[in-house]
Amino acid sequence: MCEPVSITAGVLGVAGGIGQGRAARRQAQAQAGYQSQQEAVNHANYEAQIEYQQRLMEFQSNRYTEYAASTSESLSGQFGAILENVDQTQRQSTQKMSQISQKTASSMAFTSAAAAESGVQGSSIQQAMNQYQAAEAQGIAIESANLKGVIRQRQRNMTAYRAAAQNALNKAQPVPLAPINLPAPGQPVSQPSMTPYLISGISQGISAGVGTYDAVRNW
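All of these numbers come straight from a predicted model, not from anything done at the bench. (Residues numbered from 1 in each chain as written. Predicted model: local features only at pLDDT ≥ 70, side-chain atom pairs only at ≥ 80, totals over all residues. Heavy atoms only, no water.)

1. Observations regarding the overall build of the protein chain
The number of helices and strands found in the protein chain is three helices and zero strands. Order of helices (α) and strands (β) in the protein chain, N terminus to C terminus: α-α-α. Out of the 219 residues in the protein chain, the part that is buried amounts to 17%. Look at the contacts in the protein chain between residues 6 or more apart in sequence, and 95% of them connect residues 24 or more apart. When the accessible surface of the protein chain is summed, it comes to about 15,700 Å², and 56% of that surface belongs to carbon and sulfur atoms. (Helix = DSSP H or I, 4+ residues; strand = E, 2+ residues; numbered from the N terminus. Buried < 20%, exposed > 50% of the residue type's maximum accessible area, 1.4 Å probe, protein only. Contact = heavy atoms within 4.5 Å. Areas by Shrake-Rupley, 256 points an atom, 1.4 Å probe, with all protein chains shown as cover.)

2. Focus: the pattern of salt bridges
Oppositely charged side chains may form a pair once their charged atoms are brought near each other. What the rule picks out here adds up to two salt bridges. For Asp87, the salt bridge identified is with Arg91, shortest N-O distance 2.1 Å. Taken together, the positions of Asp87 and Arg91, both in helix H1 (residues 4-118) and four residues apart, correspond to about one turn of that helix. (Salt bridge = Lys/Arg side-chain N within 4 Å of Asp/Glu carboxyl O.)

3. Comments concerning the side chain of Thr71
Mapping Thr71 onto the fold places it in helix H1. Residue classification places Thr71 among the buried positions, given a relative accessible area of 11%.

4. Things to note about the confidence of the model for the protein chain
Regions with low pLDDT should not have their predicted coordinates read in detail. Of the residues in the protein chain, 66% reach a pLDDT of 70 or more, and the chain-wide mean stands at 77. The element-level mean pLDDT for the protein chain is lowest in helix H3 (residues 195-217), coming to 50, with helix H2 (residues 123-172) highest at 91. Throughout residues 5-12 the model reports pLDDT below 50, and contacts reaching past four residues in sequence, or to other chains, amount to eleven contacts. Segment residues 208-219 is flagged for pLDDT under 50; beyond a separation of four residues in sequence, or across chains, it makes twelve contacts in the model. (pLDDT = per-residue confidence, 0-100.)

5. Focus on H2
Over its 50 residues, H2 runs 73 Å from end to end, which matches the ideal 74 Å to within 8%, given 1.5 Å per residue. Those residues of H2 that fall on the buried side of the exposure criterion are Ile125, Ala128, Met129, Glu136, Gly139, Glu143, Leu147, Met158, Ala165 and Leu169. (Expected span 1.5 Å × (residues − 1).)

6. Focus: the nonpolar core
Judged by nonpolar contacts, Leu75, Phe79, Ile82, Val86, Met158 and Ala165 together constitute the single largest core of six residues. Ranked by residues supplied to this core, first place goes to H1 with four residues. Ile82 has contacts with Arg154, Asn157, Met158 and Tyr161, leaving out every residue within four places of it along the chain. (Core = buried A, V, L, I, M, F, W, Y, C linked by side-chain atoms within 4.5 Å.)

7. So, the environment of Gln153
By secondary structure assignment, the location of Gln153 is in helix H2. Exposure remark for Gln153: the relative accessible area of 30% places this residue in the partly exposed category. C-alpha of Gln153 to C-alpha of Ile82: the two residues are 71 residues apart in sequence and 10.0 Å apart in space. Only 2.8 Å separates the side chain of Gln153 from the side chain of Arg156, close enough to count as a polar contact. (Polar contact = N/O pair within 3.5 Å; in protein donor to acceptor, adjacent residues only side chain to side chain.)

8. Remarks on the environment of Gln78
With respect to the element layout, Gln78 can be found in helix H1. In this structure the C-alpha to C-alpha distance between Gln78 and Arg162, which are 84 residues apart in sequence, comes to 9.7 Å.

9. Overview of the side chain of Glu136
Residue placement: Glu136 occurs in helix H2. One buried charged residue, Glu136, forms no salt bridge at all, with the nearest opposite charge on Lys103 at 12 Å. Among all residues touching Glu136, those that are not within four sequence positions of it are Ile100, Ser101 and Thr104. (Lys, Arg positive; Asp, Glu negative; His and termini not counted.)

This is the structure in structure tokens:
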């Protein structure tokens, strides 16, 4: 028959095992609670980053749209000024060519009248008329060439303005934002089984009880 002291020692060993098991379970529950809170914080941060990125994309898109509209308006103004300049140059060239023709006609009429009054006829009169016509043709050709040169230059200016505007729009194009990674799931925390702790407690209790019994018997 076991001594009461050895029985008590055995019971205490079992109780100690149960206590260790419960402590392990409380620790596992605390760890699971912490991981659950951390996952909630990570998810909230992820949602906040997604919302911020969406607002940033909308802001960048609106700014780009406004910049594109401003660039288009500026380009239209530049084109309008160029076309107005070309139209003005054409009117001036047409006026100069008309003046050249009028001057030629006036010179030819004056020469014809003078020749008629003086009685001069023949090849000298015709030669003078040919010189007037040649001078007229040359003057009109020069004005026409100048006009074409101005128009070509204005066309090159328009092409350069268009290219510059396109380059500016390309540079202002919003850069795609980096993707936001999903928060990593937490590692599952398993609840420890009481069995190993009970077995350990029983084993310790038996050993303590036997040791106590032997000590009391031999005392």
